[in-house]
Amino acid sequence: MNLPDNPKLVSIRSYLERRKKLPGDARIVFTNGCFDILHPGHVDLLKRARALGDALVLGLNSDGSVRSLGKGEDRPINSQEERAFVLAALECVDFIILFHDSTPLELIKAVRPQVLVKGGDWAVENIVGRDVVEKNGGKVVSLPLIEGYSTTALVEKIRG
């Protein structure tokens, strides 16, 4: 199946060009993850992250990056293109940038967000990029998660 073009899926270069078109005082929020099987916990986190600023940049783990995280031999279940396509349908997501490393540190350095967000399963002091964002005067936020939702749990449920 060929997916339609995804204007929200951009390269870092394209993001930086489009960023120039936003108001100079636009507050950029960044979060990242695999988002392999989108569930209510993901949507809630993304909506609340977007509410913290004027634009939400989502760093999406590439397929190779997901595999490098040790989530299982059959992960990701959905390809990076499929995951990006579904995420782009969310109004709260403004930009999606694939990253291929095991962490989004280099991407965070390039995006230079004013707000860095992760889910509540991450302690603020352990969030990758915290030092970079705080050094630039930004803030790092760990948002509470909706209990009972995780991609790993969904995969286990499907497997029975």
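My aim in this report is to walk through the structure given alongside it, one point at a time. If you're wondering where the values come from, they're calculated on a predicted model, not measured in any experiment.

Calculation notes
Residues numbered from 1 in each chain as written. Predicted model: local features only at pLDDT ≥ 70, side-chain atom pairs only at ≥ 80, totals over all residues. Heavy atoms only, no water. Helix = DSSP H or I, 4+ residues; strand = E, 2+ residues; numbered from the N terminus. Rg over C-alpha atoms; globule rule 2.2 N^0.38 Å. Buried < 20%, exposed > 50% of the residue type's maximum accessible area, 1.4 Å probe, protein only. Areas by Shrake-Rupley, 256 points an atom, 1.4 Å probe, with all protein chains shown as cover. Lys, Arg positive; Asp, Glu negative; His and termini not counted. Charge placed at Lys NZ, Arg CZ, Asp CG, Glu CD. Pairing = 2+ DSSP bridges. Axes fitted to C-alpha atoms, helices over the stretch in contact; angles between N-to-C directions. Contact = heavy atoms within 4.5 Å. Core = buried A, V, L, I, M, F, W, Y, C linked by side-chain atoms within 4.5 Å. Right-handed = clockwise from strand over helix to strand, strands pointing away. Phe/Tyr/Trp six-rings, centres within 6.5 Å; stacked < 30°, edge-to-face > 60°.

This part takes up the overall build of the chain. On a plain count of helices and strands, the chain comes out with 7 helices and 5 strands. Going from the N terminus to the C terminus, the chain shows its helices and strands as α-β-α-β-α-α-β-α-β-α-β-α. For 160 residues, the compact-globule formula gives about 15 Å, and the C-alpha radius of gyration of the chain, at 15 Å, lands near that figure. Expressed as lengths along the three principal axes of its C-alpha atoms, the size of the chain is roughly 50 × 35 × 25 Å. Among the 160 residues that make up the chain, the fraction classed as buried is 42%. Split by element, the accessible area of the chain, about 8800 Å² in all, is 51% carbon and sulfur. Computed over 22 positive and 21 negative side-chain charges, the inter-centroid distance for the chain is 5 Å.

Bringing the sheet that holds strand β3 (residues 95-99) into the picture now. Across a sheet, strands are paired by hydrogen bonds formed along the backbone, either parallel or antiparallel in direction. Read across the open sheet, the 5 strands follow the order β3-β2-β1-β4-β5; overall the sheet is parallel. Because the sheet does not close on itself, it has two edges, and the strands there are β3 and β5 (139-143). The average undirected angle you get between the axes of adjacent strands in this sheet is 25 degrees. Summarising the sheet, strand β4 (residues 115-119) and β5 pair through 5 bridges and their orientation is parallel. Of the residues in β5, the one forming a bridge with lysine 118 is serine 142. Of the strands in this sheet, β1 (28-33), β2 (55-61) and β3 are in contact with helix α1 (residues 12-19), which crosses β3 at around 155 degrees. Helix α4 (residues 80-88) contacts β2 and β3 of the sheet and is inclined by roughly 160 degrees relative to β2.

Here we take up unusual backbone geometry. The general pattern is negative phi for most residues beyond glycine and trans for most peptide bonds. Positive phi is not limited to glycine here, since phenylalanine 35 has a value of about 50 degrees. Its location among the elements puts phenylalanine 35 in the loop between β1 and α2 (40-50). Assessed through its relative accessible area of 7%, phenylalanine 35 is described here as buried. Unlike most non-glycine residues, arginine 112 shows phi in positive territory, near 55 degrees. Mapped onto the secondary structure, arginine 112 falls in the loop between α5 (105-111) and β4.

Moving on to the nonpolar core. With 19 residues, the main nonpolar core has Leu46, Leu58, Leu60, Leu87, Val93, Ile96 and Val117 as its most contacted residues. Going through the elements one at a time, α2, β2, α4, β4 and β5 are the ones with two or more residues in this core.

Counting buried residues along β2, 7 of its 7 residues qualify, which places the element largely inside the surrounding structure. Neither face of β2 is open: one carries Ala55, Val57, Gly59 and Asn61, the other Leu56, Leu58 and Leu60, and all of them are buried. For the segment spanning β1, α2 and β2, crossover handedness is right-handed. Sheet topology note: the β2/β3 ladder contains 5 bridges and is parallel. For glycine 59, the partnering residue across the bridge sits in β3 and is isoleucine 97.

Let's shift gears to the packing of aromatic side chains. All told, the structure shown has 1 aromatic pair when counted by the stated rule. Seen from their ring centres, tyrosine 15 and phenylalanine 95 are 5.1 Å apart, and the 85 degrees between their planes marks the pair as edge-to-face. On the criterion of sequence distance, the pair formed by tyrosine 15 in helix α1 and phenylalanine 95 in strand β3 is long-range, its members being 80 residues apart. No difference in accessibility class separates tyrosine 15 from phenylalanine 95, as the two residues are buried.

Attention now goes to the environment of valine 141. Among the structural elements, valine 141 can be located in strand β5. Sequence spacing of valine 141 and lysine 118 is 23 residues, and the spatial spacing of their C-alpha atoms is 6.6 Å.

Honestly, that's just the spatial picture; any functional story needs more than this.
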